[in-house]
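Architecture and fold: a report
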Amino acid sequence: MKTTKVTFRVNDEKVTLQVRPYETLLETLRERLDLIGAKEACGMGSCGACTVVVNGIPLRSCLVLTPEVDGASVTTVEGLGKDGKLHPLQEAFMEKGAVQCGFCTSGMILTAKALLDRNKRPTKKEIIKTISSNICRCTGYKKIVEAVEEAGKKSL
Ligand code: FES
Ligand code: FES
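This text gives an overview of the structure that appears in the document. Because the structure is predicted, anything quoted here is derived from the model rather than measured. (Residues numbered from 1 in each chain as written. Chains lettered and ligands numbered in written order. Predicted model: local features only at pLDDT ≥ 70, side-chain atom pairs only at ≥ 80, totals over all residues. Heavy atoms only, no water.)

**Considering the environment of Arg20**
Examined against the element boundaries, Arg20 turns out to sit in the loop between β2 (13-19) and α1 (25-32). Arg20 gets classed as partly exposed once you look at its relative accessible area, which sits at 22%. Arg20 sits 52 residues away from Ala72 along the chain, and the two C-alpha atoms are 18 Å apart. In contact with Arg20, other than residues within four places in its own chain, are Met1, Lys2, Thr3, Glu27, Arg32 and Pro67. (Helix = DSSP H or I, 4+ residues; strand = E, 2+ residues; numbered from the N terminus. Buried < 20%, exposed > 50% of the residue type's maximum accessible area, 1.4 Å probe, protein only. Contact = heavy atoms within 4.5 Å.)

**Looking at the packing of helix α2 (residues 88-95) against helix α3 (residues 105-118)**
With their axes 10 Å apart at the nearest point, α2 and α3 run at an angle of 125 degrees to one another. Classified by the interaxial angle, the pair formed by α2 and α3 is oblique. Crossing handedness for the pair α2 and α3: right-handed. Here α2 contributes Leu89, Gln90 and Phe93 to the contact with α3, which in turn contributes Thr105, Met108, Ile109, Ala112, Lys113 and Leu116. A per-class count over the contact of α2 with α3 returns six nonpolar, two polar and one charged. (Axes fitted to C-alpha atoms, helices over the stretch in contact; angles between N-to-C directions. Parallel < 35°, antiparallel > 145°, perpendicular 65-115°, else oblique. Left-handed = near helix turned anticlockwise from the far one by under 90°. Nonpolar A, V, L, I, M, F, W, Y, C, P; charged D, E, K, R; others polar.)

**Considerations on the side chain of Thr24**
Topologically, Thr24 is positioned in the loop between β2 and α1. With sequence-adjacent residues up to four places away left out, Thr24 is seen in contact with Ser61, Cys62, Val64, Leu65 and Thr66.

**Topic: the pattern of salt bridges**
Evaluated as defined, the whole model comprises seven salt bridges. Arg20 is the salt-bridge partner of Glu23, the closest N and O atoms lying 3.1 Å from each other. Here Glu95 makes a salt bridge to Lys154, at a shortest N to O gap of 2.9 Å. Linking Glu95 in helix α2 with Lys154 in helix α5 (residues 142-154), this pair joins segments that are 59 residues apart in sequence. (Salt bridge = Lys/Arg side-chain N within 4 Å of Asp/Glu carboxyl O.)

**Regarding the environment of Asn119**
The residue Asn119 is located in the loop between α3 and α4 (124-131) in this model. The exposure class of Asn119 is partly exposed, given its relative accessible area of 27%. The spacing of Asn119 and Val69 is 50 residues in sequence and 25 Å in space, taken between C-alpha atoms. A polar atom in the side chain of Asn119 sits 3.1 Å from the backbone nitrogen of Arg121. Here Glu126 takes part through its side chain, which lies 3.4 Å from a polar atom of the side chain of Asn119. (Polar contact = N/O pair within 3.5 Å; in protein donor to acceptor, adjacent residues only side chain to side chain.)

**Observations concerning the pairing of strand β1 (residues 4-10)**
Here β1 runs beside β2; their pairing, made up of seven bridges, is antiparallel. Counted as the bridge partner of Arg9 is Lys14 from β2. Between β1 and β2, which pair antiparallel one after the other, the connecting turn spans two residues, and Asn11 there sits at a positive phi close to 50 degrees. Relative to strand β5 (residues 73-75), β1 is paired through two bridges, and the arrangement is parallel. Opposite Arg9, over in β5, you have Ser73 as the bridge partner. (Pairing = 2+ DSSP bridges.)

**Thoughts on the environment of Thr4**
Examined against the element boundaries, Thr4 turns out to sit in strand β1. Classification of Thr4 as partly exposed rests on a relative accessible area of 26%. Residues Thr4 and Gln18, 14 residues apart in the sequence, show an inter-C-alpha distance of 5.3 Å. Beyond its immediate sequence surroundings of up to four residues, Thr4 is in contact with Leu17, Gln18, Val19 and Pro21.

In short, the description is geometric, and any link to function would need to be established separately.
Here's what the structure looks like:
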């Protein structure tokens, strides 16, 4: 089978792999690198559960082919905590009760991270607009919005 050599960074570590040309980033992360924080739900770009950050931009990893991230820097939820401490977004999601089943959580957090990296104090409207691309079937979104606001304040 034809494969392609791909080199990229995942959570600050360099990775080189031989992948099938049509292998998705979600498959690579979960099945080869054991990074299972990104979830597969719809598998067609609609829900956001598989969101990871690529070069600062939140992307749906079920729609990205791994050869497309050659040379890129990928952040998954596993890469957020530092020195044994949770990222402010992870802390705020727990404190505000913004996690129920947790299936949407890593995608939500990474979508919010990309927002807070650009703007630490987004308005409620900006937060709602940003996370509207991610589906949560449990929380009703209010607590997620509060958690993102709180994390912005904490990371100042
Ligand atoms: S699994 Fe990728 S957007 Fe739903
Ligand atoms: S917490 Fe269950 S889908 Fe969001």
